[in-house]
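Listed here are the chains, written in short residue letters.
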Amino acid sequence: SYETLTSDMLDAFQMQHPGLVPMLPQSSFQTYPPTPRSKPDLLSTWLRSHKIDYSVYPVLKADAGWDAWKRSFLAKANAQDIAEIFDTAYQIPTDQDELDLFNHKQKIAYAILETCLQNSQGKTLVRAHEATHDARRIFLDLTAKLEDSAKSNIAADDLLGYLTTARFGLGT
């Protein structure tokens, strides 16, 4: 019986009958088709390799702290691989795998902004985009508002400085 066949017995048989290989009954083993391996999608791969630490992001309480807040916020976003959400030059992907990853990063970024933006304009923008979780739009709109506001303040300060130091009636 083939069940009692030892490796020594097989070796001896093969030496006596070169080229012949004993056949085992078909029912003794079963073959399975190879399992197709699917390529892991970008989102699954990214999720396995990244852990977002929400606590490292700075809080913006007043518009006056915008420049320092933005610099720190973007540094943290870059370190945690979500900076493209806030990059105006980044083209939103069209490939479905890349788009799924981008949309997931949008949700993460929205959650971060929802916690970190505690100034009035930030809160207003977060509420306005609550249904879409469009963190990119929130950040771009806030940047436009606060940087325009900052430029206006600088221009007003320069004008005020000029008016307080100018001498009228003396040819200046």
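What counts, and at which threshold
- Counting of residues starts from 1 at the beginning of each chain's written sequence and follows it residue by residue.
- Predicted model: local features are reported for residues with pLDDT of at least 70 only, side-chain atom pairs are reported and counted for 80 or more only, and whole-chain, interface and lining totals are derived from all residues.
- Hydrogens and water are ignored here; the side-chain numbers use all heavy atoms of the structure.
- When a carboxyl oxygen of Asp or Glu lies within 4 Å of a side-chain nitrogen of Lys or Arg, that pair is called a salt bridge.
- Secondary structure is summarised from DSSP: a helix means a run of H or I of at least four residues, a strand means a run of E of at least two, and numbering begins at the N terminus for each.
- For every residue, the accessible area (1.4 Å probe, protein chains only) is compared with the maximum for its type, and the residue is labelled buried under 20%, exposed over 50%, or partly exposed between those bounds.
- Note on contacts: a residue pair qualifies if any of its non-hydrogen atoms lie within 4.5 Å across the two residues.
- For every element, the axis is a line fit to its C-alpha atoms; helices are fit only across the contacting stretch, and the angle between N-to-C directions ranges from 0 to 180 degrees.
- An angle counts as roughly parallel when it lies under 35 degrees, as roughly antiparallel when it exceeds 145, as roughly perpendicular when it falls between 65 and 115, and as oblique in every other case.
- Classes in brief: Ala, Val, Leu, Ile, Met, Phe, Trp, Tyr, Cys and Pro nonpolar; Asp, Glu, Lys and Arg charged; the others, Gly included, polar.
- Among the buried residues, those of types Ala, Val, Leu, Ile, Met, Phe, Trp, Tyr and Cys that are joined through side-chain atoms within 4.5 Å form a nonpolar core.
- The aromatic pairing rule takes the rings of Phe, Tyr and Trp, using the six-membered ring of Trp, and pairs them if the centres are within 6.5 Å, calling planes under 30 degrees apart stacked, those over 60 edge-to-face and the rest tilted.

**Details of the pattern of salt bridges**
- For the structure shown, the criterion picks out four salt bridges.
- Ionic pairing is found between Asp-81 and Lys-105, a salt bridge with its closest N-O pair at 3.7 Å. A residue pair is termed long-range when its members are at least 10 positions apart, and Asp-81 in the loop between α3 (66–79) and α4 (96–116) and Lys-105 in helix α4 qualify at 24 residues.
- A relative accessible area of 29% means that Asp-81 is categorised as partly exposed.

**Focus: the side chain of Gln-80**
- Assignment of secondary structure puts Gln-80 in the loop between α3 and α4.
- Dropping the residues within four chain positions of it, Gln-80 is found in contact with Trp-46, His-50, Ile-52, Asp-53, Val-56 and Tyr-57.

**Quick notes on the packing of helix α2 (residues 42–49) against α4**
- Direction vectors running N to C along α2 and α4 enclose 40 degrees, while the axes themselves pass 8 Å from each other. Between α2 and α4, the interaxial angle falls into the category oblique. Every residue of α4 that contacts α2 at Leu-42, Leu-43, Trp-46 and Leu-47 is listed here: Asp-97, Glu-98, Asp-100, Leu-101, His-104, Lys-105 and Ile-108.
- Residues belonging to the contact of α2 with α4 are distributed by class as follows: six nonpolar, one polar and four charged.

**Observations regarding the nonpolar core**
- Formed by 27 residues in total, the largest nonpolar core has its most connected members in Trp-69, Phe-73, Ile-82, Phe-86, Ile-112, Leu-113 and Leu-117.
- Secondary structure elements with two or more residues in this core: α3, α4, α5 (120–128) and α6 (135–165).
- Ranked by the residues each element gives to this core, the list is headed by α4, at eight residues.
- Setting aside its immediate chain neighbours within four residues, Phe-73 contacts Tyr-57, Pro-58, Phe-86, Ile-112, Leu-113 and Phe-139.

**Looking at the packing of aromatic side chains**
- Scanning all chains against the criterion turns up eight aromatic pairs.
- Here the aromatic rings of Phe-73 and Phe-86 are separated by 5.1 Å at their centres, their planes lie at 75 degrees, and the arrangement is edge-to-face. Highlighted residues: Phe-73 in helix α3 and Phe-86 in the loop between α3 and α4, separated in sequence by 13 residues.
- Judged by relative accessible area, which is 0%, Phe-73 ranks as buried.
- According to the relative accessible area criterion, Phe-86 is buried, its value standing at 5%.
- A network of ring pairs unites the aromatic residues Tyr-57, Trp-66, Trp-69, Phe-73, Phe-86 and Phe-139 as a single cluster.

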